[in-house]
Amino acid sequence: LFSEPKQIQTSEIVHAYKQEPWLITQSLYVNETENLVRRQISFNNNIFMASVVNDGRWRTQGYEVNAEFHLTPNWHWSAATSLQKTDDYNSDLEIGYSPQTLIKLKTDYQYRLHTFAFYAHYVSERESDWRFVDTDNNNQPDTATRIGEAAESYCNLNANWLYRISENIDINVNISN
């Protein structure tokens, strides 16, 4: 059984500012996603039954800003953040797997054939997704429960060394927490 393809419609307004050594971009965006596949679980005659419906419809609204600063021709700094909110048109439930805040910081320095980089990524907490369960055995899902646990916010710190051997060959070493 095949479902209809997921459809995404995006609208975005972008503003860019560039004056050496700065490049700053910011955007407001709206994504409309339709035909998301949702899994429903029912319990009938002591048997769990899973079904798939193709009726998911979400709207994500957000703001994003990116800034790059070239301290020298070989030394760069960048920062980016995204703030977003996703709503489900077919439910009052909070969407799982959709962090509201993302932040990225990075600096890199190039010396001859070597590039050294340090960066951090922050992702805010987010809930796990939902499953819909038929608790009164009428083959109609009537209760929503979370699948698994919420994910806590986290921050990754990384260091990277890249050595360019040739135009098509690099050695890359990455250390991450």
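About the criteria used
Residues numbered from 1 in each chain as written. Predicted model: local features only at pLDDT ≥ 70, side-chain atom pairs only at ≥ 80, totals over all residues. Heavy atoms only, no water. Patch = residues over 30% accessible without salt bridge, like charges linked within 9 Å, V, L, I, M, F, W, Y side chains within 5 Å. Areas by Shrake-Rupley, 256 points an atom, 1.4 Å probe, with all protein chains shown as cover. Salt bridge = Lys/Arg side-chain N within 4 Å of Asp/Glu carboxyl O. Helix = DSSP H or I, 4+ residues; strand = E, 2+ residues; numbered from the N terminus. Buried < 20%, exposed > 50% of the residue type's maximum accessible area, 1.4 Å probe, protein only. Polar contact = N/O pair within 3.5 Å; in protein donor to acceptor, adjacent residues only side chain to side chain. Contact = heavy atoms within 4.5 Å. 1 Å grid on protein atoms, 1.4 Å probe; cavity = no way out; pocket = protein on both sides within 12 Å on 5 of 7 lines; lining within 4 Å. Points joined across faces, edges and corners; volume = space filled by probe spheres on them. Nonpolar A, V, L, I, M, F, W, Y, C, P; charged D, E, K, R; others polar. Phe/Tyr/Trp six-rings, centres within 6.5 Å; stacked < 30°, edge-to-face > 60°.

Caption draft 1: Quick look at a nonpolar patch on the surface. Side chains of Leu-71, Trp-75, Trp-77, Tyr-109, Tyr-111, Phe-116 and Phe-118 sit close together on the surface and give an oily, nonpolar patch of about 690 Å² of accessible area. Elements represented by at least two residues in the nonpolar patch include exactly strand E4 (75-88), strand E5 (101-111) and strand E6 (114-123). Looking at the element boundaries, Trp-77 is found in strand E4.

Caption draft 2: Spatial organisation of the side chain of Glu-32. If you trace the backbone, Glu-32 turns up in strand E2 (residues 22-44). Judged by relative accessible area, which is 17%, Glu-32 ranks as buried. A polar atom in the side chain of Glu-32 sits 3.2 Å from the side chain of Tyr-89. Once residues lying within four places of it in the same chain are set aside, the contact partners of Glu-32 are Gln-7, Ile-8, Gln-9, Trp-58, Arg-59 and Tyr-89.

Caption draft 3: Empty space enclosed by the protein, seen in detail. What the rule picks out here adds up to one cavity of 30 Å³ or more. By volume, the largest cavity amounts to about 50 Å³. In this structure, the largest cavity is lined by Lys-85, Thr-86, Glu-94, Ile-95, Ser-98 and Gln-100. Residues that form the lining of the largest cavity fall into these classes: one nonpolar, three polar and two charged.

Caption draft 4: Geometry of the packing of aromatic side chains. Under the criterion given, the structure shown has four aromatic pairs. With a centroid separation of 5.8 Å and 40° between ring planes, the pair formed by Trp-75 and Trp-77 is classed as tilted. Since its relative accessible area comes to 31%, Trp-75 is described here as partly exposed. Judged by centre distance (6.4 Å) and plane angle (85°), the ring pair of Trp-75 and Tyr-109 falls under edge-to-face.

Caption draft 5: Representation of the pattern of salt bridges. Under the definition given, this model contains five salt bridges. Of the charged contacts in the structure, one is a salt bridge between Arg-57 and Glu-34, with a shortest N-O distance of 3.3 Å. Here the residue Arg-57 occupies a position in strand E3 (residues 47-72), and Glu-34 occupies one in strand E2, the gap between them amounting to 23 residues. For Glu-34, a relative accessible area of 31% translates into the label partly exposed. In this structure, the salt-bridge partner of Lys-85 is Asp-87, at a minimum N-O distance of 3.5 Å. Residue classification places Lys-85 among the partly exposed residues on the basis of a relative accessible area of 36%.

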